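Single-letter residue listing:
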Amino acid sequence: MRLMFIDPPQRTPRSALSLVLLASVWLAVIGNLALWRSLIQLPDLTGWRGVVFVVAFALIIASVLIALLSLLAWRWSLKPAISFLLLCAGFATHYMLSYGIVVDTPMLVNVLQTDRREAHDQLSLGLALTVAALAGLPMWWLWRQAWAPLGWGQQAWRNLGTCVAGLLVAFGTTQLVFQDFASLMRNHPQLRYQINPLNSVYAILDLTVIPSEQRSGPL
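As the structure is a computational prediction, the values presented were derived from the model and not from experiment. (Residues numbered from 1 in each chain as written. Predicted model: local features only at pLDDT ≥ 70, side-chain atom pairs only at ≥ 80, totals over all residues. Heavy atoms only, no water.)

A. Expanded view of the overall build of the protein chain. Along the protein chain, the regular secondary structure elements total ten helices and zero strands. Along the protein chain, helices (α) and strands (β) appear in the sequence α-α-α-α-α-α-α-α-α-α when read from the amino end. Across the 219 residues that make up the protein chain, the buried fraction comes to 39%. Taking as baseline every contact in the protein chain between residues at least 6 positions apart, the subset at least 24 positions apart corresponds to 82%. Just so you have it, the protein chain exposes about 13200 Å², and 68% of that area is on carbon and sulfur atoms. (Helix = DSSP H or I, 4+ residues; strand = E, 2+ residues; numbered from the N terminus. Buried < 20%, exposed > 50% of the residue type's maximum accessible area, 1.4 Å probe, protein only. Contact = heavy atoms within 4.5 Å. Areas by Shrake-Rupley, 256 points an atom, 1.4 Å probe, with all protein chains shown as cover.)

Shown next as structure tokens:
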């Protein structure tokens, strides 16, 4: 009997831009379930006005993430960067939904100071399921995608253009809903610490990079 070996179908290579767009939309929409829950509970946002604001807020977050990830859209850095942001969003979402906390610099310090016993006490089935759904599944998909190579110069220009476009869309959308946006940030400042995964990124930079905010002594 003749054995026939059939080659598996080749996956269509994806550009860095497509991975950046897909990851940013996933993080902005699915990774911010705690933020959307907080927003719909506010009396400030009701009816279609609230719906429009939530959609605009999601677009702002996605655009900022596009700008951020476009700077890291290189073969050796993009997939690890997206994976890191997915994990940050997955863990933060679980604790924000379960305990009503926010992710800010003091909370990151508490995490860094957690010992093995305290960390073990935090492990749960709910944590595993949340992280698996929000981070594990998209990471599994991400690392199976083939990369469409570009020349260094062409990739640099595309990354720069994508970053500028993301910032322009974020700025323009913010201006459209500026009155509601400014009012919410002023009256409910805790919301800014629920924006996944930008809250985690800012907290890390606050502790390590921003000169005026660096803490003295060991973390």
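Once you've had a look at it, read on.
B. Quick look at the nonpolar core. Leu 35, Leu 39, Phe 53, Phe 57, Ile 61, Leu 78 and Leu 184 are the most contacted members of the largest nonpolar core, which totals 41 residues. Among the secondary structure elements, those contributing two or more residues to this core are α1 (16-29), α2 (33-40), α3 (47-70), α4 (78-99), α7 (125-143) and α9 (178-187). In terms of residue count, α3 provides more of this core than any other element does, ten residues in total. (Core = buried A, V, L, I, M, F, W, Y, C linked by side-chain atoms within 4.5 Å.)

C. Up close: the environment of Gly 172. Structurally, the position occupied by Gly 172 is in helix α8 (residues 152-176). C-alpha separation for the pair Gly 172 and Ile 60, spaced 112 residues apart in sequence, amounts to 8.8 Å.

D. Inspection of the packing of aromatic side chains at higher detail. Evaluated as defined, the whole model comprises five aromatic pairs. Measuring from ring centre to ring centre gives 5.5 Å for Phe 57 and Phe 181, while their planes differ by 80°; the resulting arrangement is edge-to-face. Taken together, the residues Phe 57 in helix α3 and Phe 181 in helix α9 connect sequence positions 124 residues apart. Judged on exposure class, the residue Phe 57 and its partner Phe 181 are both buried. An aromatic cluster is defined as three or more aromatic residues linked by ring pairs; in this entry it consists of Trp 36, Phe 53, Phe 57 and Phe 181. (Phe/Tyr/Trp six-rings, centres within 6.5 Å; stacked < 30°, edge-to-face > 60°.)

E. Layout of α2. All of the buried residues along α2 are Ala 34, Leu 35, Trp 36, Ser 38 and Leu 39. Residues of α2 that are buried sit in contact with α1, α3, α4 and α9.

F. Molecular detail of the environment of Arg 158. Tracing the backbone through its elements, the reader meets Arg 158 in helix α8. C-alpha of Arg 158 to C-alpha of Ala 73: the two residues are 85 residues apart in sequence and 9.3 Å apart in space. Those residues in contact with Arg 158 that sit more than four places away from it in its chain are Ser 15, Leu 17 and Leu 150.

G. Region of the structure containing the confidence of the model for the protein chain. Counting all residues, the mean pLDDT for the protein chain is 86, and 88% of those residues have values of 70 or more. Averaged pLDDT values for the elements of the protein chain fall to 68 in helix α6 (residues 116-122) and rise to 96 in α1. This stretch, residues 1-8, has a pLDDT under 50; its non-local contacts, to residues over four places away or in other chains, come to zero contacts. (pLDDT = per-residue confidence, 0-100.)

H. Local environment of the packing of α2 against α4. Where α2 contacts α4, the two axes come as close as 8 Å, and the packing angle between them is 35°. Here Leu 33, Ala 34 and Arg 37 of α2 lie close against α4, whose contacting residues are Thr 93, Met 96 and Leu 97. Taken together, the residues of the contact of α2 with α4 sort by class into four nonpolar, one polar and one charged. (Axes fitted to C-alpha atoms, helices over the stretch in contact; angles between N-to-C directions. Nonpolar A, V, L, I, M, F, W, Y, C, P; charged D, E, K, R; others polar.)

I. Representation of α4. For α4, built from 22 residues, the straight-helix expectation of 32 Å at 1.5 Å per residue is met to within 8% by its first-to-last C-alpha distance of 31 Å. Among the residues trailing α4, Gly 100 stands out with phi positive, at a value near 70°. (Expected span 1.5 Å × (residues − 1).)

J. Main features of unusual backbone geometry. With omega at -15°, the peptide bond leading from Asn 196 into Pro 197 counts as cis. Along the polypeptide, Pro 197 turns up in the loop between α9 and α10 (198-208).

K. Summary view of the environment of Gly 161. One can find Gly 161 in helix α8. Separated by 91 residues in sequence, Gly 161 and Ser 70 have C-alpha atoms that sit 8.7 Å apart.

L. Examining a nonpolar patch on the surface more closely. Together, Trp 157, Leu 160, Val 164 and Leu 168 give the surface a local cluster of nonpolar side chains, amounting to about 470 Å² of exposed area. Mapping Leu 160 onto the fold places it in helix α8. Residue classification places Leu 160 among the partly exposed positions, given a relative accessible area of 44%. (Patch = residues over 30% accessible without salt bridge, like charges linked within 9 Å, V, L, I, M, F, W, Y side chains within 5 Å. Salt bridge = Lys/Arg side-chain N within 4 Å of Asp/Glu carboxyl O.)

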